[in-house]
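Structural overview for review
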Amino acid sequence: MHQVMNAMASSIISKRALIFLLAFLGANGQTCTDGAASTCTNTGHYPTWEDAPASGKEFDHDNDKSICSLPIITVEEWEAGRYWEREEPVIVKNVTDGWLALQHWTKEEMIRRYPDVLVGMGSSRDLGQTGPDDAGDALQKVTIKDFIVNHMHDADKYVFDRKLNMPDDLLKDCEPYPMPTRQYKEDFAAVVKLGLPEREMWKDHLALTIGRDLQGLTFHRHNAAWNVVVFGIKRWILYDGERFAQNITRLKRMTRDVNNPIQLTGANWIRQLYDKDERKEEIRTYGHDCIQRAGEMIYVPHGWAHMVVNIGDTVAIVSERGLGAMAA
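The structure reproduced in this document is the subject of the present report. Because the structure is a prediction, the values reported are computed rather than measured.

Relative to the helices and strands, Thr-106 is located in the loop between α5 (101-104) and α6 (107-113). We classify Thr-106 as partly exposed; its relative accessible area is 27%. For Thr-106 and Val-315, which are 209 residues apart along the polypeptide, the C-alpha to C-alpha distance reads 9.3 Å. With residues near it in sequence (within four places) discarded, Thr-106 still touches Trp-49, Ala-101 and Phe-231.

Below, the structure is given as structure tokens:
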């Protein structure tokens, strides 16, 4: 290999040839960094998050106004308007500006810095059907390195475990936290003084999610929550809880194939059911169909049914109202 490289270095070669060579050398999933001693990190099937397959052509509608009607606001508008106290979803842009996660959570750096951090791995369909909390105890515990290198691109392996505590270094990578989670961290006493019931209090709970293209939880509901994408893209289908509050049959009819007891994945729901039986009209009238990009946060109010489809390898962080930091 050294002889080949020396021969190439001594000749005039095109930029295209260099790019091709580097891509070939990195195709084995190893990323090498030059330094005092050259080191290589095994990054699994693809060298970076961005190199992995992404179904953007099929699922990314670029938030066409005829499809996505959600307001997209700034962090300053989010905080000044206290949108987390409202009952409408919203997208907030540039949330990750200044986050160390932008450097520390690249694929190579995440494996290098946090190889032994435990995460919960399971089926995204099961997580959607049972809910992340109920599925938590049944999830397989693996390390971040093991998941990314050996399991991430299996047919149905997804990391989303709200019962495992994130180590301090990972948490610091996400500072400053979005409000209102940040308030609990910065002024715990003031939050407690409000006298809110536990379920209505935003605490210091954060959860990590990592998944490949077309992964994501199927339709489910829970307390108010926010989700920030650090790397990748997500497509969200949201359905207003008020629409089915007195008619749970409507929810089942909209979100499931009533003739199939096995719930479809999010991607296949869009492919097979979205255009049938007035679902698309119902969702776009009483819900939202939107794209969330890296650096953006989406807020989902209490009780809204929602599902997510990853577009490409995606890494995100989640906080839910009423949940505190879990035991390590």
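Next comes the rest of the description.
For the peptide bond that leads from Glu-175 to Pro-176, omega is 0°, which places it in the cis range. Of note, the bond from Met-179 into Pro-180 is cis; its omega dihedral lies within 30 degrees of zero at 5°. Its location among the elements puts Pro-180 in the loop between α10 (168-172) and α11 (181-186). Look at Asn-94: it is not a glycine, yet its phi comes out positive at around 60°. Here Asn-94 shows up in the loop between β4 (90-92) and α5. We classify Asn-94 as partly exposed; its relative accessible area is 45%.

Turning next to the pairing of strand β5 (residues 118-122). Summarising burial for β5: four of the five residues are buried, a large majority. Across four bridges, β5 lies against strand β6 (residues 140-143) in antiparallel orientation. Bridge assignment links Gly-120 to a residue of β6, and that residue is Lys-141. Of the strand pairs in this sheet, β5 and strand β7 (residues 158-160) are connected by two bridges, and their pairing is antiparallel. Pairing of Gly-122 across the sheet is with Tyr-158, part of β7.

Turning to the environment of Val-308, a few remarks are in order. Relative to the helices and strands, Val-308 is located in strand β12 (residues 305-320). Sequence separation between Val-308 and Leu-238 is 70 residues; the distance between their C-alpha atoms is 8.9 Å. Leave out the neighbours within four places in its chain, and Val-308 touches Gln-215, Gly-216, Leu-217, Lys-234, Arg-235 and Trp-236.

Here a disulfide denotes a covalent bond joining the sulfur atom of one cysteine to the sulfur atom of another. Scanning the model with the defined rule gives one disulfide in all. A sulfur-sulfur distance of 2.0 Å marks the disulfide that ties Cys-68 to Cys-290. Note on the Cys-68 and Cys-290 pair: the S-S dihedral is about 95°, so by sign convention the disulfide is right-handed. Taken as a pair, Cys-68 in the loop between α3 (56-59) and β3 (72-73) and Cys-290 in strand β10 (residues 287-293) lie far apart in primary sequence, 222 residues in all. Accessibility assignment for this pair places Cys-68 and Cys-290 in one class, buried.

Rules of the game
Residues numbered from 1 in each chain as written. Predicted model: local features only at pLDDT ≥ 70, side-chain atom pairs only at ≥ 80, totals over all residues. Heavy atoms only, no water. Helix = DSSP H or I, 4+ residues; strand = E, 2+ residues; numbered from the N terminus. Buried < 20%, exposed > 50% of the residue type's maximum accessible area, 1.4 Å probe, protein only. Contact = heavy atoms within 4.5 Å. Pairing = 2+ DSSP bridges. Disulfide = S-S within 2.5 Å.

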